[in-house]
Amino acid sequence: MNTTDKTDRWDARTRLLIGDEGCERLSRASVLIAGIGGVGGYVAETLARSGIGELTLVDADTVSASNINRQIIALRTTLGTPKTDLFAQRIADINPECRLRLVPRFLTPEDAGPLLESAHFSFVADCIDTVASKVELLAQASRMRIPVISSMGAGGRIDPTRIMYADLWETRQDGLARAVRDSFKRRGYRPSIPVVYSDEAPRPSALVMESSLPGKRSSFGTLATIPAIFGLYISSYIIRKITRQ
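Because the structure is a prediction, the values reported are computed rather than measured. Within each chain, residues carry numbers counting from 1 in the order of the written sequence. In keeping with the predicted nature of the model, local features appear solely for residues at pLDDT of at least 70, side-chain atom pairs appear and are counted solely at 80 or more, and the whole-chain, interface and lining totals rest on all residues. Only hydrogens and water are set aside; all other atoms, that is, all heavy atoms of the structure, feed into the side-chain values.

*Asks:* Sorry if this is basic, but what is going on with the packing of helix α4 (residues 109-117) against helix α5 (residues 131-143) here?
*Replies:* The description of two packed helices rests on the angle between their axes and on the distance between the axes. To get an axis, a line is fitted to the C-alpha atoms, and for a helix only the part in contact is used. The angle between two axes follows their N-to-C directions and goes from 0 to 180 degrees. Labels follow the DSSP assignment, with helices taken as runs of H or I lasting at least four residues and strands as runs of E lasting at least two, numbered in each case from the N terminus. Contact pair α4 / α5: the axes reach a minimum separation of 8 Å and the direction vectors enclose 35°. Where α4 crosses over α5, the handedness of that crossing is right-handed. Every residue of α5 that contacts α4 at Pro109, Ala112, Gly113, Leu116 and Glu117 is listed here: Ala132, Ser133, Glu136, Leu137, Gln140, Ala141 and Arg143. Polar here means any residue other than Ala, Val, Leu, Ile, Met, Phe, Trp, Tyr, Cys and Pro, which are nonpolar, and Asp, Glu, Lys and Arg, which are charged; Gly is therefore polar. When its residues are assigned to classes, the contact of α4 with α5 shows six nonpolar, three polar and three charged. Here is the rule for handedness: rotate from the far helix to the near one, and if that takes an anticlockwise turn smaller than a right angle the crossing is left-handed, while a clockwise turn gives right-handed. Between two residues, a contact is recorded if the distance between any of their heavy atoms is within 4.5 Å.

*Asks:* Could you clarify how one ought to interpret α4 in this entry?
*Replies:* Owing to its 3.6 residues per turn, the α-helix brings residues three or four apart onto one side. Burial classes follow relative accessibility: with a 1.4 Å probe on protein chains only, a residue under 20% of its type's maximum area counts as buried, one over 50% as exposed, and anything between as partly exposed. Three or more residues of α4 are buried, namely Asp111, Ala112, Gly113, Leu115 and Leu116. Looking at the buried positions of α4, the neighbouring elements they touch are β1 (30-34), β2 (54-58), β3 (99-103), β4 (123-126) and α5.

*Asks:* How do you make sense of the side chain of Lys134 when you look at a structure like this?
*Replies:* Note that Lys134 resides in helix α5. Contact partners of Lys134, with chain neighbours within four places excluded, come to Asp126, Ile128, Ser150, Ser151, Met152, Leu176 and Val180.

*Asks:* What's the story with the side chain of Thr46 in this structure? I'm lost.
*Replies:* Note on placement: Thr46 falls in helix α2 (residues 40-49). Given the relative accessible area of 17%, Thr46 is considered buried. Polar contacts involving the side chain of Thr46 include one to the main-chain carbonyl oxygen of Val43, which spans 3.4 Å. Not counting the four nearest positions on each side in its chain, Thr46 is found in contact with Leu232 and Ser235. Residues adjacent in sequence count toward polar contacts only when both atoms are side-chain atoms; beyond that, a polar contact is any pair of N or O atoms within 3.5 Å, and within protein one must be able to donate a hydrogen and the other to accept it.

*Asks:* Can you help me understand the pattern of salt bridges in this one?
*Replies:* Where charged atoms from two side chains of opposite charge come close, those side chains can pair. Between Lys or Arg on one side and Asp or Glu on the other, a salt bridge is scored when a side-chain nitrogen of the former is within 4 Å of a carboxyl oxygen of the latter. The tally for this structure, following the rule as stated, stands at 16 salt bridges. Across the salt bridge formed by Asp174 and Arg157, the nearest N and O atoms sit 3.8 Å from each other. Of this pair, Asp174 sits in the loop between β6 (163-167) and α6 (175-187) while Arg157 sits in the loop between β5 (148-151) and β6; the two residues are 17 residues apart in sequence, bridging distant segments of the chain. Residue Asp174 shares its accessibility class with Arg157, and that shared class is buried. Here the residues in one salt-bridge network are Arg9, Asp11, Arg15, Asp20 and Glu24, joined through shared partners.

Geometric values such as these leave the question of function open.
Next up, the structure:
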């Protein structure tokens, strides 16, 4: 095993694994991440550390105290700060060559098409959990033939061994996936969409009703572990597809 870096580049270990060609593919790629919370934040972090060329980050939220248990940019010192601003600072400190497009707003269904048309995206990471916006983003990406991977429900689960890749239409024990499928059925549309999900049933005792978030009626309690693993699955999928590994 080679125990020394071939160069003093910050990405030397990445190049040892996927080669210069793989790194060049990543540096030319542009990825849209819709939602940079518990799942999407880890997607942004790992893509930046892997040398992605451009990231478009979409999120209207500021950091709240309830984010501290699972979101990578949530600290007591960052409470009240927009998440897009925090990731801009963090990514610039990790990979200053990564070009950033910040969209600090809530993604509505009407926004999905214009957003996808605003740049040439290599990939879309869907990490939002409001059904109407999620469905429209996935539908428009499918229509435009932009590669996409979507996060299903990470809340209410505790067992990391139950996390897997699947097609949207093959998932089970996931209320968010079911709601997305039902919405597509009403449209008479059945796109094949790769997702990350857990087949562990969410714990009913972890359910909480939401009243302040637009388009979201409920959510589940979470640990730091499961959303992070979802994010790592998503970024790994994107990296392997872009680099053809």
